[in-house]
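# What the coordinates show
Each chain is listed here by its residues.
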Amino acid sequence: MDAPRRKHLPLRLATGLLLAAVTLTALEGLASLTLYAYDLVFNTRSATAEREAEYTAFDPEIGWVSRPGVRLPDLFGPGKSLSTDALGARGTAAVAPEAPAGKVRVVCIGDSFTQGYGVGDDEAWPHVLAELDPRLEVVNLGQRGYGIDQAWLWYQRKEAELEHDLVVLGFIADNWRRVRLDRYQGYPKPVLVRGEERPRVANAPLEQPAGRWGWLHLNDEVVRSARTLQLARRIRRKLAGPAVEDPTVMDERAGAEVVAQLIEDLDRRCRAAGRQLVLLHLPSPDARTEGGLLPLGAQARRVCEQAAADGVPFVDLAQEFAALEPAEREALFLVLDEVSSPRAQ
């Protein structure tokens, strides 16, 4: 190779690499734009669809509750309907005030893990529990987004409306954090503080949130998926620091003390009526680690273990979940892409 050609070789190589990088960048941008346009056309929802999917109502004491007598076919996908009876309990069968003869009636309270967010009426775990033993009738009073505090308030409202033998308080690790909030995902919720014998609500009545519905609000997850917007948000966070969503109004210890008094009150109510209370920890995925589980906090575990020492059974499924192979464990949880109505949580 002569000297002039050797002299220009680095320049030609750099030019080629630059052209390749520009071409790949353009192709990546075109692919992202195509996928973004596809989502805007096929994966967005109208306000009419959201109204049809709405199954909760504002409540000035609890924040929100299930609407009674709802039937929403295919809410979470084909065949995955959501139904409530006149009591507001999840399921297609109406719950009678009296327990069926020869049956043990179990009332389950908790958040969307109990209610069955993302699955059909017959796939929520309280329904599956009833199918495991014909001696059981299981009533699902789970509510989307609840903290343990709201589950307790909801149970108090409903306990006199139906005869039952067992109360299962199902919770995930994040439910303990929600106790320390006065808003959850932008919606007002009650804040409990310790009372003389039982917790009391410190901020009732709650103010009804202003309506924020509209096309952009309904489809913000699709709109915000644009790579340009994601880059802008990351730069903003770097410059201004991360924004804190749902800031807490009390520390972890104070929140745990409120739940401890709440469990004591719930146990007293159950014992006075000849019922049994059971605490159930439902493991939840930890977004910070692939295939990991969100651990129950030390304060929360201390409260549960003390309740167990006082005669309230504490069922912790964390070890059973942790013992599964990662693929088996991940298959037990839904991801956003598997739910056709991501805001129905």
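Scoring rules and cut-offs
- Residues numbered from 1 in each chain as written.
- Predicted model: local features only at pLDDT ≥ 70, side-chain atom pairs only at ≥ 80, totals over all residues.
- Heavy atoms only, no water.
- Axes fitted to C-alpha atoms, helices over the stretch in contact; angles between N-to-C directions.
- Helix = DSSP H or I, 4+ residues; strand = E, 2+ residues; numbered from the N terminus.
- Parallel < 35°, antiparallel > 145°, perpendicular 65-115°, else oblique.
- Left-handed = near helix turned anticlockwise from the far one by under 90°.
- Contact = heavy atoms within 4.5 Å.
- Nonpolar A, V, L, I, M, F, W, Y, C, P; charged D, E, K, R; others polar.
- Salt bridge = Lys/Arg side-chain N within 4 Å of Asp/Glu carboxyl O.
- Buried < 20%, exposed > 50% of the residue type's maximum accessible area, 1.4 Å probe, protein only.
- Core = buried A, V, L, I, M, F, W, Y, C linked by side-chain atoms within 4.5 Å.
- Phe/Tyr/Trp six-rings, centres within 6.5 Å; stacked < 30°, edge-to-face > 60°.
- Lys NZ or Arg CZ within 6 Å of the ring centre and 35° of its normal.

### Some points on the packing of helix H5 (residues 148-158) against helix H10 (residues 252-272)
Packing of H5 against H10 brings their axes to within 10 Å, and their N-to-C directions diverge by 25°. On the basis of their axis angle, the class for H5 and H10 is roughly parallel. Every pair of crossing elements has a handedness; the one defined by H5 and H10 is left-handed. Counted together, Ile148, Asp149, Trp152, Tyr155 and Gln156 of H5 and Val259, Leu262, Asp265, Leu266, Arg269 and Cys270 of H10 form the full contact between these two elements.

### What about the packing of H10 against helix H11 (residues 298-309)?
It is the contact of H10 with H11, at a shortest axis distance of 9 Å, that shows an interaxial angle of 20°. Looking at the two axes, H10 sits roughly parallel to H11. Both H10 and H11 take part in a crossing whose hand is right-handed. For the pair H10 and H11, contact is made by Glu252, Arg253, Ala256, Ala260 and Ile263 and by Gln299, Arg302, Val303 and Ala307, respectively. Of the residues belonging to the contact of H10 with H11, the class tally is 5 nonpolar, 1 polar and 3 charged.

### Digging into the pattern of salt bridges
For the coordinates displayed, the defined rule picks out 19 salt bridges. Close ionic contact of Asp121 with Arg90 constitutes a salt bridge, the shortest N to O distance being 2.5 Å. One end of the pair, Asp121, is in the loop between helix H3 (112-115) and helix H4 (125-132); the other, Arg90, is in the loop between strand S4 (82-83) and strand S5 (104-109), and 31 residues separate them in sequence. Per residue, the accessibility class of Asp121 equals that of Arg90, and both read buried. By sharing partners, the salt bridges in this structure join Glu159, Arg198, Asp265, Arg268, Arg269 and Arg275 into a single network.

### Details of the nonpolar core
The tendency in soluble globular proteins is for nonpolar side chains to be buried as a group. Formed by 43 residues in total, the largest nonpolar core has its most connected members in Ile109, Trp176, Leu277 and Leu279. Elements represented by at least two residues in this core include exactly strand S2 (63-66), S5, H5, strand S7 (166-171), H10, strand S12 (276-281) and H11. Top contributing element to this core by residue count: H10, with 7 residues. With residues near it in sequence (within four places) discarded, Ile109 still touches Thr114, Leu141, Gly142, Ala151, Tyr155, Val167, Val168, Leu169, Gly170 and Leu266. Listed in part, the 9 residues of the second largest apolar core include Leu136, Val138, Val168 and Leu280.

### Digging into the packing of aromatic side chains
Centre distance and the angle of the planes are the two values used to describe a pair of aromatic rings. All told, the structure shown has 5 aromatic pairs when counted by the stated rule. Each ring, one from Phe76 and one from Tyr117, has its centre 5.7 Å from the other, and the planes form 90°; the classification is edge-to-face. A residue pair is termed long-range when its members are at least 10 positions apart, and Phe76 in the loop between strand S3 (71-72) and S4 and Tyr117 in the loop between H3 and H4 qualify at 41 residues. Judged by relative accessible area, which is 2%, Phe76 ranks as buried. Here a set of aromatic residues connected by ring pairs shows up, and it is made of Trp64, Tyr146 and Tyr187. In this structure, Arg144 packs its charged tip against the face of Tyr55, placed 5.1 Å from the ring centre.

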